[in-house]
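What the coordinates show
The residues making up each chain are set out below.
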Amino acid sequence: MSSLTEKDRPIVQLLLNTGTCPRCILRFCCVGSQALYRHPYKDLMKDLKEFLKNNQEKEDTVCSDVVDPPCKRIRLEHMEEGPDDLNHNGALQQIPSVNDENTATESSAVKVCNVCLGILQEFCEVDFVKKVCQKVNSTDYQFTSFVFSVSLPPQLSVRERAAWLLVKQEMGNLGLSLAKDDIVQLKEAYKWIIHPQLSEELGVPADGKSLFEVSVVFAHPETDEECHFLATACPDCFKPAKNKQSVFTRMAVIKALEKIKEEDFLKHFPCPPSSPKNLCVALEIQCNNGAVFVAGRYNKYSRNLPQTPWIIDGERKLESSVEELISEHLMAQFKADSFNFSSSGREDVDVRTLGNGRPFAIELVNPRRIHFTAEEMKGLQQTINNSSDKIQVRDLQLVTREAIGRMKEGEEEKTKTYSALIWTDKAIQKEDIAFLDDIKELKLDQKTPLRVLHRRPLAVRCRIIHTMKSEYIDEHHFRLHLKTQAGTYIKEFVHGDFGRTKPNIGSLLNRTADILELDVESVDVDWPPALDN
């Protein structure tokens with residue numbers, strides 16, 4: 001085993017003798033050769049024994065030179081492993097050394113590793129890899145690469161710390177040192193082993209930036225309580241969280257291990273860690289595709305259709321919404337778990353959106369299908385448009401998460417044009433409203449409207465009416481075309497909202513005014529890019 005040197009021999013002997021698996025031994029010897037970890041388990045065990053055998057004569061020479069006072073190195077006496085074997089000062093247990101081949105063979109015959117709890121043993125084998133791949137293939141996801149993630153039991157960090165303290169003491173006896181960060185991390189070693197196998201079986205490469213994630217959650221019920229002493233030693237590290245079933249999360253345990261003193265740790269946990277009876281169990285094998293984003297523009301032709309589901313006190317007021325009419329078809333085609341709808345502003349239930357429509361984007365969460373051609377997107381757009389006469393969509397396309405930011409910028413920064421049908425209580429003539437056409441850049445102070453005060457904070461917002469053009473209809477009606485700053489409340493600009501919007505059409509005309517109909521004629525956001533539909 002060319003990656004190991006003479007200085008590693010005592011560590012190999014020590015860990016092998018205390019029930020540590022070959023791959024964990026390589027980790028604690030700081031071996032960074034990925035290929036070595038992929039060797040069959042039996043071959044690694046055989047190689048380690050050969051390594052010890054080939055260097056035995058050197059060790060015998062070293063040991064024969066030691067005279068009084070007694071050797072500080074680990075003595076040749078067998079002691080049962082367990083928390084009761086700590087001395088009164090919380091010192092490390094003394095571990096038997098190995099000085100002949102038979103002892104090495106007997107001592108290393110441990111079924112479950114006392115450090116990784118079997119992660120680098122059973123769960124690196126072909127049978128488990130096939131089990132993971134069967135799960136992936138049964139879920140019907142589209143993917144061209146994958147990223148593999150592992151959730152490990154938090155007590156593994158405790159066992160890792162105990163093993164490190166053991167090795168650190170041995171290294172110290174030899175005049176050497178071993179920093180905690182020099183050890184190859186368990187997750188890293190596991191991925192070195194599992195990635196090539198998964199890649200070969202699935203037929204796609206492993207890629208850390210892939211949107212398709214295969215995850216395995218491991219647990220080890222037998223040792224679940226091994227973290228509990230940390231809560232007494234470092235109570236500040238364990239805070240209850242609403243979304244966590246246990247306070248003993250991996251991050252909380254790591255934080256506590258960084259905080260606890262070595263001598264306190266050794267008083268509460270056996271070093272070396274005891275050998276468990278059972279392997280870890282794979283609680284969950286899950287797949288998840290990163291979100292896909294679809295954007296477009298919608299027209300709304302109904303005056304009885306909300307943008308999003310209209311629910312008050314748990315009761316649905318109208319049967320459908322713009323959001324649902326669009327998303328139900330996207331959800332079916334992308335085979336997603338759920339969706340999130342957003343748009344550049346919103347119109348009231350009784351307001352139409354005409355012209356080129358309003359930009360929108362839909363985040364499709366965990367979609368099974370992710371690849372669509374331009375022709376397929378065009379077909380999907382046609383399906384949506386054929387399903388309802390209340391809405392139409394255009395420029396339907398796949399976009400990135402980052403691109404959606406351009407749509408949100410338009411909510412406050414861009415302009416919008418409207419057409420409002422207005423009624424007045426007093427009779428008007430054409431000349432009575434003609435002056436509105438000459439008003440430019442009219443500044444408004446709009447206090448949060450009463451109708452939205454239940455969902456918007458109370459504030460006074462400065463908004464601008466850029467231009468107005470009036471169209472006389474009869475003595476009590478006229479149509480007003482407005483170009484305004486995004487975010488302007490048009491209805492309140494017309495009727496004044498009991499004086500909460502100043503000035504308003506009523507105050508400008510010196511009479512009571514109200515709005516009968518409102519249409520959005522354009523939302524001046526140049527996104528998403530127009531397509532040749």
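Residues numbered from 1 in each chain as written. Predicted model: local features only at pLDDT ≥ 70, side-chain atom pairs only at ≥ 80, totals over all residues. Heavy atoms only, no water.

On to the overall build of the protein, then. Broken down by element type, the protein carries 18 helices and 15 strands. By the burial criterion, 48% of the 533 residues in the protein qualify as buried. Across the protein, the fraction of contacts at a sequence separation of at least 24, relative to all contacts at a separation of at least 6, is 78%. A total accessible area of about 26700 Å² is found for the protein, and carbon and sulfur atoms account for 49% of it. (Helix = DSSP H or I, 4+ residues; strand = E, 2+ residues; numbered from the N terminus. Buried < 20%, exposed > 50% of the residue type's maximum accessible area, 1.4 Å probe, protein only. Contact = heavy atoms within 4.5 Å. Areas by Shrake-Rupley, 256 points an atom, 1.4 Å probe, with all protein chains shown as cover.)

The next thing to look at is the sheet that holds strand E2 (residues 212-219). One open sheet accounts for 3 strands, arranged E1-E2-E3; its pairing is mixed. Only two strands of the sheet have a single neighbouring strand rather than two, namely strand E1 (147-151) and strand E3 (281-289). Across the sheet, the axes of successive neighbouring strands diverge by a mean angle of 20°, strand direction being ignored. Examined bridge by bridge, E2 and E3 share 8 bridges and lie antiparallel to one another. Bridging from a neighbouring strand, Val216 pairs with Ile285 of E3. (Pairing = 2+ DSSP bridges. Axes fitted to C-alpha atoms, helices over the stretch in contact; angles between N-to-C directions.)

Following the sequence through the fold, Ser215 ends up in strand E2. For Ser215, a relative accessible area of 14% corresponds to the buried category. Discounting chain neighbours no more than four positions away, the residues touching Ser215 are Ser149, Glu284, Ile285 and Gln286.

Another aspect to go through is the nonpolar core. If you look at the biggest cluster of nonpolar residues, it comprises 84 residues, and the most contacted ones within it are Ile119, Leu120, Tyr190, Phe218 and Phe265. Here this core gets 9 residues from one element, more than from any other, and that element is helix H8 (residues 155-173). Here Ile119 is in contact with Cys124, Leu152, Leu156, Leu186, Tyr190, Phe218 and Cys280, once residues within four sequence places are set aside. Membership of the second largest hydrophobic core comes to 33 residues, among which are Ala295, Ile422, Phe478 and Val525. (Core = buried A, V, L, I, M, F, W, Y, C linked by side-chain atoms within 4.5 Å.)

A word on the packing of aromatic side chains. The description of an aromatic ring pair uses the distance of the two centres, along with the angle that the planes make with each other. For the structure on display, the rule yields 15 aromatic pairs. Centroid distance Phe143 to Phe212: 4.2 Å. Interplanar angle 10°. Geometry classified as stacked. One end of the pair, Phe143, is in the loop between helix H7 (126-138) and E1; the other, Phe212, is in strand E2, and 69 residues separate them in sequence. Between Lys180 and the ring centre of Trp164, over which it is positioned, the NZ or CZ distance is 5.2 Å. Arg369 extends its terminal NZ or CZ atom over the ring of Phe372, reaching a point 3.9 Å from the ring centre. (Phe/Tyr/Trp six-rings, centres within 6.5 Å; stacked < 30°, edge-to-face > 60°. Lys NZ or Arg CZ within 6 Å of the ring centre and 35° of its normal.)

Right, let's get into the confidence of the model for the protein. Of all residues in the protein, 88% attain a pLDDT of 70 or more, and the chain-wide mean is 88. Segment residues 94-110: pLDDT under 50, and 40 contacts once partners within four positions in sequence are set aside and those in other chains are kept. (pLDDT = per-residue confidence, 0-100.)

What follows covers the packing of helix H1 (residues 9-17) against H8. In the contact formed by H1 and H8, the axes pass within 10 Å of each other and the chain directions differ by 145°. Viewed along their axes, H1 and H8 form a crossing whose handedness is right-handed. Residues Pro10, Ile11, Leu14 and Leu15 of H1 touch H8, and the partners they reach there are Leu166, Val167, Glu170 and Met171. Residue composition of the contact of H1 with H8, grouped by class: 7 nonpolar, no polar and 1 charged. (Left-handed = near helix turned anticlockwise from the far one by under 90°. Nonpolar A, V, L, I, M, F, W, Y, C, P; charged D, E, K, R; others polar.)

This next bit is on the pattern of salt bridges. Tallied over the entire structure, the rule returns 22 salt bridges. The closest approach of N and O atoms between Arg27 and Glu160, which form a salt bridge, is 2.8 Å. In this pair, Arg27 sits in helix H2 (residues 22-28) while Glu160 sits in helix H8, placing the two residues 133 residues apart along the sequence. Of the two residues examined, Arg27 and Glu160, each falls in the buried class. Between Glu376 and Arg369 there is a salt bridge, with its nearest N and O atoms 2.9 Å apart. Put simply, Asp348, Asp350, Arg451, Lys491 and Glu492 are held in one network by salt bridges that share partners. (Salt bridge = Lys/Arg side-chain N within 4 Å of Asp/Glu carboxyl O.)

Okay, helix H13 (residues 322-334) next. The end-to-end C-alpha separation of H13 is 19 Å, in line with the 18 Å expected for 13 residues at 1.5 Å each. Among the residues of H13, Val322, Glu323, Leu325, Ile326, Ser327, His329, Leu330, Met331 and Phe334 are the ones counted as buried. In the core, the buried residues of H13 are packed alongside strand E4 (292-300), strand E7 (338-343), strand E8 (352-365), helix H14 (374-387) and strand E9 (391-399). Lys335 lies just past H13 and shows a positive phi near 55°. (Expected span 1.5 Å × (residues − 1).)

What follows concerns the packing of H13 against H14. The contact between H13 and H14 brings their axes to 9 Å, and the two run at 140°. The pairing of H13 with H14 is recorded here as oblique in orientation. Seen along the crossing, H13 lies across H14 with a hand that is right-handed. Counted together, Leu325, Ile326, His329, Leu330, Gln333 and Phe334 of H13 and Met377, Leu380, Thr383, Ile384 and Ser387 of H14 form the full contact between these two elements. Counted by class, the contact of H13 with H14 contains 7 nonpolar, 4 polar and no charged residues. (Parallel < 35°, antiparallel > 145°, perpendicular 65-115°, else oblique.)

Under the defined criterion, the tally for this structure stands at 0 disulfides. Not engaged in a disulfide, the cysteine Cys21 finds its nearest cysteine sulfur in Cys113; these two sulfurs lie 3.6 Å apart. The exposure class of Cys21 is buried, given its relative accessible area of 1%. Free cysteine Cys280: the closest other cysteine sulfur is in Cys116, separated by 7.7 Å. Take Cys280: its relative accessible area is 4%, and that puts it in the buried class. (Disulfide = S-S within 2.5 Å.)

On the surface, a nonpolar cluster with roughly 470 Å² of combined accessible area is contributed by Leu450, Leu453, Leu458 and Phe498. Secondary-structure assignment places Leu450 in the loop between strand E11 (442-447) and strand E12 (460-474). Note on Leu450: relative accessible area 43%, which makes it partly exposed. (Patch = residues over 30% accessible without salt bridge, like charges linked within 9 Å, V, L, I, M, F, W, Y side chains within 5 Å.)

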